[in-house]
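# Notes for the structure review
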Amino acid sequence: QYEENLLPVTKSLSLTPKTAGKEFEYFVGKYYWYALILLVALTVADNVLVVILFDTFGERYSQYINQGTAFVYIVWSSLILLYRRYCSKKISNNITVTTVSNVSSTAKSTAPKWVLIGIGLFNGTGNFLMAISQPHTPGLTQTLLNLLGIPLVLILSSVILGKLSKPIEWFGAFLIVAGSCMSGLRIVLQSDDAPQSTTIAYLGSVMLYASAQLFLSGEKVWEEWSFTKFEKLDAMLMFWYTLVTQFMLGWFLYPLQTFPSFGNISLVDIPSVIEDGIICTFGDSPNSDSNCGILNPLIFFGYCSVDFWCYFFGLWVIQRGGANLMVVTIALALPLQQL
């Protein structure tokens, strides 16, 4: 009786409701396909928009975009958490529980802060490497290198979580790695009259973008381990900790943009670059060399809206279906991204 009364309250407070000792099976039957289709659609839109975003703002503002989007996500997730806390207090004030006997909970303790901060460090490092390397990594190469997350997650899940994959899954992962390596030779193999990319590609940037996938894959496996270890862990709270950690880490890594291949910005110019980036985000050109207009805020906040829910929904999928299910969507999204 206690659990039946608690269920409607729990549903109204969280996207991932639970009762004591029970779990809802989200990824069964048609709900599996609903979740997969939604995540694929968000992933396609996210990966296409991020290429457009960095092409629109240019190399000078690449690290500002990384910091700016993180700040927007912190504000949005903070508002959501505050609203949920308000609703929780309001509902709890209207509920009177007299005596509950013989109720045992199998839920483990809430995750310590170091677990959530560690996830944020992985996410922040991966996103920083992607941000500084994106301007000199062609968009097609970016989407193909994202596929490296599939074999990396399979390997890390096997080593860290003890989840063994089937031989056909390993074979598919091998084909993905081989295809990604072959994509790097397309400039050599294509004919002279083939359309050329407008992006000036640097080998170092491509390698950095590829290395970012190791951190992002490790993040997914760490997230799955955290959800398994700490059953009371809230996906939105994890999201908030991850973004705050990423935002703080970004300031320590910002000076790396002083290198010529990563922006060639002097340390004294970094504050002005941030200021100009904010002005450009809202559609005004900070100087004569900038080409900012109405498309900048549309693309920036449009990307933020898609990426925010893509990342959070990805956390929810990892919580309910594991990291392997999450990366399957990357392979399904690839043909649509290329199109």
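Reading the values: rules and limits
- Residues numbered from 1 in each chain as written.
- Predicted model: local features only at pLDDT ≥ 70, side-chain atom pairs only at ≥ 80, totals over all residues.
- Heavy atoms only, no water.
- Helix = DSSP H or I, 4+ residues; strand = E, 2+ residues; numbered from the N terminus.
- Buried < 20%, exposed > 50% of the residue type's maximum accessible area, 1.4 Å probe, protein only.
- Areas by Shrake-Rupley, 256 points an atom, 1.4 Å probe, with all protein chains shown as cover.
- Salt bridge = Lys/Arg side-chain N within 4 Å of Asp/Glu carboxyl O.
- Axes fitted to C-alpha atoms, helices over the stretch in contact; angles between N-to-C directions.
- Parallel < 35°, antiparallel > 145°, perpendicular 65-115°, else oblique.
- Left-handed = near helix turned anticlockwise from the far one by under 90°.
- Nonpolar A, V, L, I, M, F, W, Y, C, P; charged D, E, K, R; others polar.
- Core = buried A, V, L, I, M, F, W, Y, C linked by side-chain atoms within 4.5 Å.
- Contact = heavy atoms within 4.5 Å.
- Phe/Tyr/Trp six-rings, centres within 6.5 Å; stacked < 30°, edge-to-face > 60°.
- Patch = residues over 30% accessible without salt bridge, like charges linked within 9 Å, V, L, I, M, F, W, Y side chains within 5 Å.
- Disulfide = S-S within 2.5 Å.
- Expected span 1.5 Å × (residues − 1).
- pLDDT = per-residue confidence, 0-100.

## Digging into the overall build of the protein chain
- Counting secondary structure elements, the protein chain contains 13 helices and two strands.
- Evaluated residue by residue, the protein chain yields a buried proportion of 45% over its 339 residues.
- Here the protein chain has roughly 18000 Å² of accessible surface; of this, 66% comes from carbon and sulfur atoms.

## A word on the pattern of salt bridges
- Scanning the entire structure with this criterion turns up one salt bridge.
- Its salt-bridge partner being Arg84, residue Asp234 comes within 2.6 Å of it at the nearest N-O pair. Remark: Arg84 occurs in helix H3 (residues 62-93) and Asp234 occurs in the loop between helix H9 (203-229) and helix H10 (235-253); sequence separation between them is 150 residues.
- Take Asp234: its relative accessible area is 19%, and that puts it in the buried class.

## Points about the packing of helix H4 (residues 113-133) against H9
- Two elements in contact, H4 and H9, have axes whose closest approach is 8 Å; the angle formed by their N-to-C orientations is 160°. If you check the angle between H4 and H9, you find them roughly antiparallel. When the axes of H4 and H9 are compared, the crossing they make is left-handed.
- Considered class by class, the residues forming the contact of H4 with H9 number 14 nonpolar, eleven polar and two charged.

## Details of the nonpolar core
- Residues Leu53, Phe57, Tyr73, Leu233, Met238, Phe239 and Phe313 are the most contacted members of the largest nonpolar core, which totals 53 residues.
- A per-element tally of this core places helix H12 (residues 295-321) first, with twelve residues.
- For Leu53, the residues in contact, after removing those within four places along its chain, are Ile65, Ile299, Phe300 and Tyr303.
- One finds Leu129, Leu145, Val206 and Tyr209 within the second-largest nonpolar core, a separate group that totals twelve residues.

## Side note on the side chain of Ser226
- One can find Ser226 in helix H9.
- By relative accessible area, Ser226 is classed as buried at 0%.

## Focus: the environment of Gln142
- Mapped onto the fold, Gln142 is located in helix H5 (residues 139-145).
- Assessed through its relative accessible area of 3%, Gln142 is described here as buried.
- On a C-alpha basis, the gap between Gln142 and Val206 in space is 8.2 Å, while along the polypeptide they are 64 residues apart.

## Some details on the packing of aromatic side chains
- What the rule picks out here adds up to 17 aromatic pairs.
- Measuring from ring centre to ring centre gives 5.9 Å for Phe282 and Phe301, while their planes differ by 55°; the resulting arrangement is tilted. Pair noted here: Phe282 is in the loop between helix H11 (270-281) and H12 and Phe301 is in helix H12, with a separation of 19 residues, a long-range link.
- Residue classification places Phe282 among the exposed residues on the basis of a relative accessible area of 57%.
- Residue classification places Phe301 among the partly exposed positions, given a relative accessible area of 29%.

## Some details on the packing of H9 against H10
- The contact between H9 and H10 brings their axes to 12 Å, and the two run at 140°. One way to sum up the angle between H9 and H10 is to call them oblique. Like other packed secondary-structure pairs, H9 and H10 cross with a definite hand, here right-handed. Across from Glu219, Glu223, Ser226 and Phe227 in H9, the residues of H10 making contact are Ala235, Met238 and Thr242.
- Looking at the contact of H9 with H10 residue by residue, the class counts come to three nonpolar, two polar and two charged.

## Let's talk about a nonpolar patch on the surface
- Side chains of Phe71, Val75, Leu79 and Leu82 sit close together on the surface and give an oily, nonpolar patch of about 390 Å² of accessible area.
- Along the polypeptide, Leu82 turns up in helix H3.

## With respect to the state of the cysteines
- In this structure the tally under the stated criterion is one disulfide.
- What pairs with Cys280 in a disulfide is Cys292, and their sulfur atoms sit 1.9 Å apart. Disulfide Cys280-Cys292: torsion about the S-S bond near -95°, hence left-handed. In this pair, Cys280 sits in helix H11 while Cys292 sits in the loop between H11 and H12, placing the two residues twelve residues apart along the sequence. Note on accessibility: Cys280 and Cys292 belong to one class, buried.

## A closer look at helix H2 (residues 30-57)
- For H2, which comprises 28 residues, the first-to-last C-alpha distance of 41 Å matches the rise-based estimate of 40 Å (1.5 Å per residue) to within 8%.
- Positioned one or two residues after H2, Gly58 has a phi angle of 90°, which is positive.

## A few points about the confidence of the model for the protein chain
- Scored by pLDDT, the protein chain has a mean of 76; 76% of the residues are at 70 or more.
- Predicted confidence is poor over residues 1-24, with pLDDT under 50, and the contacts of this stretch with residues over four places away or in other chains come to 37 contacts.
- Low confidence marks residues 97-107, where pLDDT is under 50. Its contacts with residues over four positions away, or in another chain, come to eight contacts.

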